[in-house]
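Here are the chains, one letter per residue:
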Amino acid sequence: MSRPDSSAVLAVRAVFPPHRHTQSELTAKVAELCGIDPAERATLQRLHAAAGVGHRHTVLPLTEYAEVSALEAANDRYIDAAADLAETALRDALAASGLAPDDLDLLIVTSVTGVAVPSLDARLIPRLGLRPDIKRLPIFGLGCVAGAAGLARLHDYLLAWPDHHAALVAVELCSLSWPTTRITTADLVVTGLFGDGAAALVAGRGRGPRILATRSEVYPDSGDMLGWRLASDGFRIVLTAELADVVERHLAGTVTAFLAEHDLTVEEISAWVCHPGGPKVIDAVQNSLKLADAAVAPSRRSLAEVGNVSSVSVLDILGRTLDAPPPPGSLGLVIGLGPGVSAELVLLRW
């Protein structure tokens, strides 16, 4: 199935801000910032306790979040901190891959928790000593699915330029979008779920799991179930209870059709790298594909340890899988899920 010259994932590294908190500490801070009265605190605590999250990282100390409730202040902090985390992640991934910064021919950067023009990829060129003629592809708007989608588009590029090396960087600072006014139930859910971090992946010729194929799919009539809307106080979440139901109804068809194109079945996949959207989304993936608990354990573990870090999460799980890989010849499937509602699949062979 794989061509002798197919590209490989050479290294993946995830990094997180130094401020790490228990879920209960973050629950208390959200209640303070949002001015939640005692009657509503029981609902907040219940939703946060059910999120499957034990700890999360925040880009700022908790004492500073009252200073960034306005969109301008939050976005200014986003630009500086996102560039710092992205630089660290890419440096670490390059070092692990054995490549130098000027070996890179393409840089893809994805983020959906802030806006930067010039884009983050341009800001990384002088910081890392990347070549000034490096090809750049900033991605905005794909949300949680962007880690897998970015890997798929990186694969497309390397099919055309098999001798090149490419990098993908995902950085998300979800805490800078904590809502503080007109709080909805969806707001309470996401303040207990999302964390901050960055991850970088380097691919090209070399040793590592081979990228075999990809697939993209957007599910019908689901565009209003997950996303952002831009309000006067910043990004506000769009999230409905139907999200997990859409995943459970449609994902099996997407995955089985994709695998069938390569004469494979679900049972032949050894490593599952699934986006940890939340406990209900992980349950939906598991139920739809009829997976054993062990198959989605890495997703639940990532969610518990760092929260849902949007586009970063699937790369974090992929990096953990590379650190403890399955036997040579094993197949793996990366599953990204996000706004659309959309799915991105990437097939790997170790």
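The structure this text deals with has already been given above.
This text gives an overview of the structure that appears in the document. Keep in mind it's a predicted model, so treat the numbers as computed, not measured.

Section: empty space enclosed by the protein
For the structure on display, the rule yields 1 cavity of 30 Å³ or more. Here the largest cavity defines a volume of roughly 240 Å³. Lining the largest cavity are 21 residues, with Val68, Ala74, Leu176, Ser177 and Trp178 positioned closest to its centre. Of all elements in the fold, only helix H3 (71–97) and strand E10 (234–239) reach the threshold of two or more residues within the lining of the largest cavity. Considering every element that reaches the lining of the largest cavity, the biggest residue donor is H3, with 4 residues. Residue classes in the lining of the largest cavity are distributed as 11 nonpolar, 8 polar and 2 charged.

Re the nonpolar core
Core analysis: the largest hydrophobic core is formed by 49 residues, its most contacted members being Tyr65, Leu90, Leu107 and Val202. Sorting the residues of this core by element identifies strand E1 (8–15), helix H1 (23–34), helix H2 (38–49), H3, strand E4 (106–110), helix H4 (120–128), strand E6 (166–173) and strand E7 (196–204) as the ones contributing at least two each. With 12 residues, the top contributor of residues to this core is H3. With residues up to four places along the chain from it excluded, the contact list for Val202 reads Ala8, Val9, Leu10, Ala11, Leu90, Ala93, Leu94, Ser97, Leu99, Leu104, Ala166 and Ala167. In this structure, Ala186, Ala213, Phe258 and Leu259 belong to the second largest nonpolar core, which totals 43 residues.

Looking at the side chain of His165
Its location among the elements puts His165 in the loop between helix H5 (146–160) and E6. Those residues in contact with His165 that sit more than four places away from it in its chain are Leu10, Leu99, Asp103, Leu104, Asp105, Leu106, Leu158, Ala203, Gly204 and Arg205.

Considerations on the packing of aromatic side chains
For the structure on display, the rule yields 1 aromatic pair. Geometrically, the ring pair formed by Tyr65 and Trp178 is tilted, given 4.8 Å between the ring centres and 40 degrees between the ring planes. Here Trp178 lies in the loop between E6 and helix H6 (185–191) and Tyr65 lies in the loop between strand E3 (55–58) and H3, a separation of 113 residues in the sequence. Residue class for Tyr65 comes out buried when judged on its relative accessible area of 4%. A relative accessible area of 12% places Trp178 in the buried class.

Some details on unusual backbone geometry
Residues Val117 and Pro118 are joined by a peptide bond in cis, for which omega reads 5 degrees. Structurally, the position occupied by Pro118 is in the loop between E4 and H4. With an omega dihedral of -20 degrees, the bond running from Gly340 to Val341 counts as a cis peptide bond. Its place among the elements puts Val341 in the loop between strand E12 (331–338) and strand E13 (342–349). Of note, Asp263 is a non-glycine position whose phi angle comes to about 55 degrees, a positive value. Within the secondary structure, Asp263 sits in the loop between helix H7 (243–260) and strand E11 (269–274). Classification of Asp263 as exposed rests on a relative accessible area of 71%. The backbone of Ser310 sits at a positive phi, close to 55 degrees, despite the residue not being glycine. By the element assignment, Ser310 lies in the loop between helix H9 (293–306) and helix H10 (311–323). Relative accessible area serves as the criterion here: at 4%, Ser310 is assigned to the buried category.

About the criteria used
- Residues numbered from 1 in each chain as written.
- Predicted model: local features only at pLDDT ≥ 70, side-chain atom pairs only at ≥ 80, totals over all residues.
- Heavy atoms only, no water.
- 1 Å grid on protein atoms, 1.4 Å probe; cavity = no way out; pocket = protein on both sides within 12 Å on 5 of 7 lines; lining within 4 Å.
- Points joined across faces, edges and corners; volume = space filled by probe spheres on them.
- Helix = DSSP H or I, 4+ residues; strand = E, 2+ residues; numbered from the N terminus.
- Nonpolar A, V, L, I, M, F, W, Y, C, P; charged D, E, K, R; others polar.
- Core = buried A, V, L, I, M, F, W, Y, C linked by side-chain atoms within 4.5 Å.
- Buried < 20%, exposed > 50% of the residue type's maximum accessible area, 1.4 Å probe, protein only.
- Contact = heavy atoms within 4.5 Å.
- Phe/Tyr/Trp six-rings, centres within 6.5 Å; stacked < 30°, edge-to-face > 60°.

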